[in-house]
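# Summary of the model geometry
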Amino acid sequence: MLTDLDRVAHELSEGLPLTADALPWLTEQIRQDAAEGTFAHWGRSTLLDENTGTPMLDAPPLHVLQRWAALPEEFPATNAGLAHVYSYLLSTAATPYGPKRDRWLGGELATGLGLPAEHFLPWHRPDRRTLAQRVTEAVLPLLDQPPADAVLVQDGPVGLRTVVTAGGALVYGWPGRVVTAFPVDVAGVEGLRGLPVAARFNVVLDD
């Protein structure tokens, strides 16, 4: 599975088109999310990295994903679930913090949320839930009701909320709508606490 993902991601970086049969498990999950309303639980995001300004995925493959997801074809903004979950899987773009897809392929985010390390592997489906559904179910309650042992709960502009769990998972969005989630070093949370109150983490505030 990982070999196939690496191959397709490399082909996309070379400008080759994304086809429905390139990664059948990916196509199936996005279409299931579209049918079952998963993306409605997510806000909007830009695919331009806030540190580098580089798009994490180019417009042509993003438009293919948007068609599978029954979402408007636009760039660089899109549904945050499509951006941060599925688009990041296909990204080879470098960032100061490593590949964006590592949050799903590694186990740090999952364990930071108190889940098994393999919980967010995109092809790990012990039931029929998609990757985006598993992520939504894990992080949305933390925005609605942050855990008592959270090391950071910070409310920002227009109702945006940052929650960092004791295990080292950062969740960002609104109560009822996720923007992103990724692992963090709990020891560095004080740096987050000292940042100016502002919208961040690639959120788009146009709706």
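Please read these numbers as outputs of a predicted model, since none were measured by experiment.

Conventions adopted
Residues numbered from 1 in each chain as written. Predicted model: local features only at pLDDT ≥ 70, side-chain atom pairs only at ≥ 80, totals over all residues. Heavy atoms only, no water. Helix = DSSP H or I, 4+ residues; strand = E, 2+ residues; numbered from the N terminus. Buried < 20%, exposed > 50% of the residue type's maximum accessible area, 1.4 Å probe, protein only. Polar contact = N/O pair within 3.5 Å; in protein donor to acceptor, adjacent residues only side chain to side chain. Contact = heavy atoms within 4.5 Å. 1 Å grid on protein atoms, 1.4 Å probe; cavity = no way out; pocket = protein on both sides within 12 Å on 5 of 7 lines; lining within 4 Å. Points joined across faces, edges and corners; volume = space filled by probe spheres on them. Pairing = 2+ DSSP bridges. Axes fitted to C-alpha atoms, helices over the stretch in contact; angles between N-to-C directions. Phe/Tyr/Trp six-rings, centres within 6.5 Å; stacked < 30°, edge-to-face > 60°. Lys NZ or Arg CZ within 6 Å of the ring centre and 35° of its normal. Nonpolar A, V, L, I, M, F, W, Y, C, P; charged D, E, K, R; others polar.

A few words now on the side chain of T136. Examined against the element boundaries, T136 turns out to sit in helix 7 (residues 131–144). Looking at T136, the relative accessible area reads 6%, which means it is buried. Side-chain polar atoms of T136 contact the backbone oxygen of A132, separated by 2.6 Å. With residues near it in sequence (within four places) discarded, T136 still touches T38, H41, W42 and P141.

Counting buried residues along helix 4 (residues 80–89), 10 of its 10 residues qualify, which places the element largely inside the surrounding structure. Considered for burial, the residues of helix 4 that qualify are A80, G81, L82, A83, H84, V85, Y86, S87, Y88 and L89. If you check the start of helix 4, you find a side-chain oxygen 2.8 Å away from the backbone N of G81, and it comes from N79.

Attention now moves to empty space enclosed by the protein. Under the defined criterion, the tally for this structure stands at 1 cavity of 30 Å³ or more. Of the volumes computed, that of the largest cavity is approximately 50 Å³. Taken together, Q154, D155, G156, P157, L160, T162, Y172, V197, A198 and R200 make up the full set of residues lining the largest cavity.

We now examine the sheet that holds strand 5 (residues 169–174). Strand order in this open sheet of 4 strands is 3-4-5-6, and the pairing throughout is antiparallel. A strand with exactly one partner marks an edge of an open sheet, and here the two such strands are strand 3 (152–155) and strand 6 (177–183). With strand direction ignored, the average angle separating the axes of adjacent strands in the sheet is 10°. Sheet topology note: the strand 4 (residues 161–164)/strand 5 ladder contains 4 bridges and is antiparallel. Bridge assignment links T162 to a residue of strand 5, and that residue is Y172.

To continue, consider the packing of aromatic side chains. For the structure on display, the rule yields 5 aromatic pairs. Arranged with centres 6.5 Å apart and planes meeting at 75°, the rings of F39 and Y86 form a pair that is edge-to-face. With a gap of 47 residues between them, F39 in the loop between helix 2 (24–36) and strand 1 (44–46) and Y86 in helix 4 connect regions that are remote in the sequence. Their ring planes at 70° and their centres at 5.3 Å tell us that F182 and F201 sit as a pair that is edge-to-face. With F182 in strand 6 and F201 in the segment after helix 8 (189–193), the pair connects residues that are 19 residues apart, well separated along the chain. Grouped by ring-pair contacts, the aromatic residues Y172, F182 and F201 constitute a single cluster. The residue whose ring lies beneath R177 is W174, and the NZ or CZ to ring-centre distance is 4.4 Å.

What follows concerns the side chain of H119. Inspection of the secondary structure puts H119 in the loop between helix 6 (108–112) and helix 7. Residue H119 is classed as buried on the basis of its relative accessible area of 14%.

Where empty space is left can be seen by rolling a probe of water-molecule size over the atoms. In this structure, the largest pocket encloses a volume near 780 Å³. What lines the largest pocket is a set of 31 residues, and nearest its centre among them are Y97, R103, F182, P183 and V184. Of all the elements in the fold, those that place two or more residues in the lining of the largest pocket are helix 4, helix 5 (102–105), helix 6, strand 6 and helix 8. When the residues that make up the lining of the largest pocket are grouped by side-chain class, the tally is 10 nonpolar, 13 polar and 8 charged.

Read these as layout, nothing more, since geometry by itself doesn't imply function.
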